[in-house]
Each structure stands twice: as C-alpha cells, then as structure tokens.
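Now for the letters of each chain:
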Amino acid sequence: MHFKNKVVWITGASSGIGAELAWQLAAQNAKLILTARNEAALINIQKKCLEQTSFCKIVISDLSKQNETEIAVVNAWEQFQKIDVVFLNAGVTQRSLAFETQMEVYRALMEINFFAPVIITQKLFPFFEKQGSGHIVAISSMAGLMGFPYRSGYAAAKHALMGYFETLQTENAVAGVDYTIISPGRINTPISASALTKDGTPHLRNDVGQINGIPVEECVTKILNAVENKKKHIIIARGEYWLWVIKWFAPQLFYKIAHKKGMNN
Ligand SMILES: NC(=O)c1ccc[n+]([C@@H]2O[C@H](COP(=O)([O-])OP(=O)(O)OC[C@H]3O[C@@H](n4cnc5c(N)ncnc54)[C@H](OP(=O)(O)O)[C@@H]3O)[C@@H](O)[C@H]2O)c1
C-alpha cells in the first residue's frame, strides 16, 4: 500500500494505461486527480475509483494546447494543495510512413507526446520545490529507444521525451524530486485506434499487434512497482526488448528485422 493517501495526478486517465493506473491506485486508497479530454469516460472511471478510494477528482484538459495545459497544472494542484506523484501518460501514436506524413501531424505528435509533459514538469517545479518532494513519472515507449516503421513522429517525440527526462535525472536540480521513465513495448490498449495517419485523421483500427500486446494490468503493476522503488528507467516489453538489444549488438540485423516486422504491420 505504498500509495495510500498519496496525491496522484494521472494524465490520459480516460483510457488504457491511465485508466488502469487509476483503478490500481484507487485500490491502494490513493487520492486521485484524473485528466483527459473525454469527460464522460473520466466520469465513468471516477465512479469506479470512488468505490475503492474516498478521493477522486477530475480536471478536464486538452493537453495539446499550452494554455490549457498550464491551467490544468494549477487546477490539479488546487484539488488537494499537494501532488506527490504525477504520471505523464497522455499520448497519441502514429500510423503513417514518414515520406507521406504532413507537417501538422508531426507538430500534433510533438505537442501531446513531448511538449505537454515538459510544460507540466516545468510548471510543477516551483510547487515541488516549495513542497520539498515530488515524483514525476514519464510514460515514454520503446519507440523512444529505437525507430520503427510508421512511427517517425511518435518515435521522434518519445526520443525527445527520453532526452529531456534523462537530462533531469542527471541534473537533479530540484531537491527531493524523483524521476522515473517507463518504456513500454506493445501493451493491449486501444492506442492504435486514435493513432494519427498521414493527414491527421485517426487510424480507427485496433491493430493485431496491439491486441496481442502485454495485458494492461500487468504493465501497470510493473509501472507502480518501479515508481515505488524509485527506478530511473524500466522497459516493459517482450519482442521489442530483444529488437533493442539487437540494435546494439548487430545493428545491420536490427534494420532488417524492424523493416520486415514494421512494414508488414
Ligand atoms: N499501448 C501501448 O502499446 C503503448 C506502448 C508504449 C507507450 N505507450 C504510451 O502509454 C501512454 C498511454 O497510452 P495508452 O496505450 O493507454 O493509449 P490510450 O488508451 O489511447 O490512452 C491515451 C490517453 O491519452 C489521452 N490523450 C490523448 N490526447 C490527449 C490530449 N490532447 N489531451 C489530454 N489527454 C489526451 C486520452 O484521453 P482523451 O482522448 O480523453 O483526451 C487517453 O486517456 C501514451 O503516452 C503512449 O504513448 C503505450
């Protein structure tokens, strides 16, 4: 019960990993703040969480917009005048080849996957400094560690996220603040349905690779264990882990396998 009575803010709590984080943390009696755009979905999750914990608040926000994101940080803080842990989890993936992807799609992928977590972190620093503590959990991806077909913008954003948080871990400039980076491989969530295609329209399909991914419950249990143990970085993956290892030891083989697996996807 590490999270009992801890104030935990989850972005992207209306679906997938974020919703499962909410349920598992509610079961530990955490005080929750849930953020996403889809109010109806958040209200459903809130109701379910309130069966387990006494405190679960909602802060609706479109985190792809800087002004809304900054307001969301203040609103989230005001719920309990405290935040112990924040899961920077909201994200959108991509399904389009680089050469045909429009510039607006790259910008949209950077806004939600990179700039939103950076804006939240920068805005939380003064609060955490005053509080003398805080734990920031960045949900990155195996696509933050290696390129993969159809994900040029998503991989770029997650590489940027990795670079930002790894740097924070080396600077360690705000006393009492911890950072954990999570790099999941494929997890069974609806993420591929909202993936942006070449012109920004959603992919609207649950890819087979996604459905056959690691169960979201297993993924979230590992995330919470990593946060409890203040791990700097963990990978939660199956085949993608070995592809990453191959990248280091036999790069030529990596390009061949990634091409073969990714282009037929
Ligand atoms: N599933 C995987 O295989 C996998 C693998 C590696 C990394 N990840 C990462 O894990 C995180 C969660 O993904 P998931 O699989 O749980 O996907 P998901 O089920 O599609 O959930 C994505 C969440 O992000 C929120 N979101 C998207 N755009 C937003 C915006 N503009 N403003 C606020 N919230 C927004 C969505 O809420 P609304 O639509 O209601 O706004 C939703 O709650 C993402 O960062 C993703 O990159 C997932």
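Notes on the structure follow.

With that settled, consider the overall build of the chain. Tallying secondary structure elements over the chain gives 9 helices and 7 strands in all. Relative to the globule expectation of 18 Å for 265 residues, the C-alpha radius of gyration of the chain, 18 Å, shows essentially globular dimensions. Dimensions of the chain, computed from C-alpha atoms along their principal axes, come out at roughly 50 × 40 × 35 Å. Carbon and sulfur atoms make up 54% of the accessible area of the chain, which totals about 12,500 Å². Across the chain, 27 positive and 21 negative side-chain charges occur, with their mean positions spaced 5 Å apart.

On to helix 4 (residues 103-131), then. Taking 1.5 Å of rise per residue, 29 residues should cover 42 Å, and helix 4 covers 40 Å from first to last C-alpha, within 8% of that figure. Within helix 4, the axis deviates most sharply at Glu111, by approximately 45°.

A positive phi angle is found at Leu204, which is not glycine, with a value near 60°. Tracing the sequence through the fold places Leu204 in the loop between strand 6 (177-184) and helix 6 (208-211). Residues other than glycine seldom take positive phi values, yet Lys230 does so here, at roughly 50°. Tracing the backbone through its elements, the reader meets Lys230 in the loop between helix 7 (216-228) and strand 7 (233-236). In this structure Lys230 comes out as exposed when scored by relative accessible area, which is 53%.

On a regular strand, one side chain projects to one face of the sheet and the next to the other, so that they alternate. Judged by how many residues are buried, strand 6 sits mostly within the fold: 7 of 8 residues are covered. Taking the sense of rotation as the criterion, the β-α-β connection linking strand 5 (residues 134-139), helix 5 (residues 152-171) and strand 6 turns out right-handed. Of the pairings in the sheet, the one linking strand 6 to strand 7 comprises 4 bridges and is parallel in character. Its bridge partner being in strand 7, Pro184 is matched across the sheet by Ile236.

Quick look at the sheet that holds strand 2 (residues 31-36) now. The strand order 3-2-1-4-5-6-7 describes an open sheet built from 7 strands, whose pairing is parallel. Every interior strand has two partners, whereas the edge strands, strand 3 (56-60) and strand 7, have only one. Sheet twist, expressed as the average angle between the axes of neighbouring strands with direction ignored, equals 15°. By the bridge criterion, 6 bridges tie strand 5 to strand 6 in an arrangement that is parallel. Directly across from His135, in strand 6, lies its bridge partner Asp178. Across the sheet, helix 1 (residues 16-26) touches strand 1 (7-11), strand 2 and strand 4 (85-88), and the angle it forms with strand 1 is around 165°. Contacting strand 1, strand 2 and strand 3, helix 3 (residues 66-80) runs over the sheet at an angle of about 165° to strand 3.

Conventions adopted
- Residues numbered from 1 in each chain as written.
- Predicted model: local features only at pLDDT ≥ 70, side-chain atom pairs only at ≥ 80, totals over all residues.
- Heavy atoms only, no water.
- Helix = DSSP H or I, 4+ residues; strand = E, 2+ residues; numbered from the N terminus.
- Rg over C-alpha atoms; globule rule 2.2 N^0.38 Å.
- Areas by Shrake-Rupley, 256 points an atom, 1.4 Å probe, with all protein chains shown as cover.
- Lys, Arg positive; Asp, Glu negative; His and termini not counted.
- Charge placed at Lys NZ, Arg CZ, Asp CG, Glu CD.
- Expected span 1.5 Å × (residues − 1).
- Bend = angle between axes of the 7 residues up to and from the residue.
- Buried < 20%, exposed > 50% of the residue type's maximum accessible area, 1.4 Å probe, protein only.
- Right-handed = clockwise from strand over helix to strand, strands pointing away.
- Pairing = 2+ DSSP bridges.
- Axes fitted to C-alpha atoms, helices over the stretch in contact; angles between N-to-C directions.
- Contact = heavy atoms within 4.5 Å.

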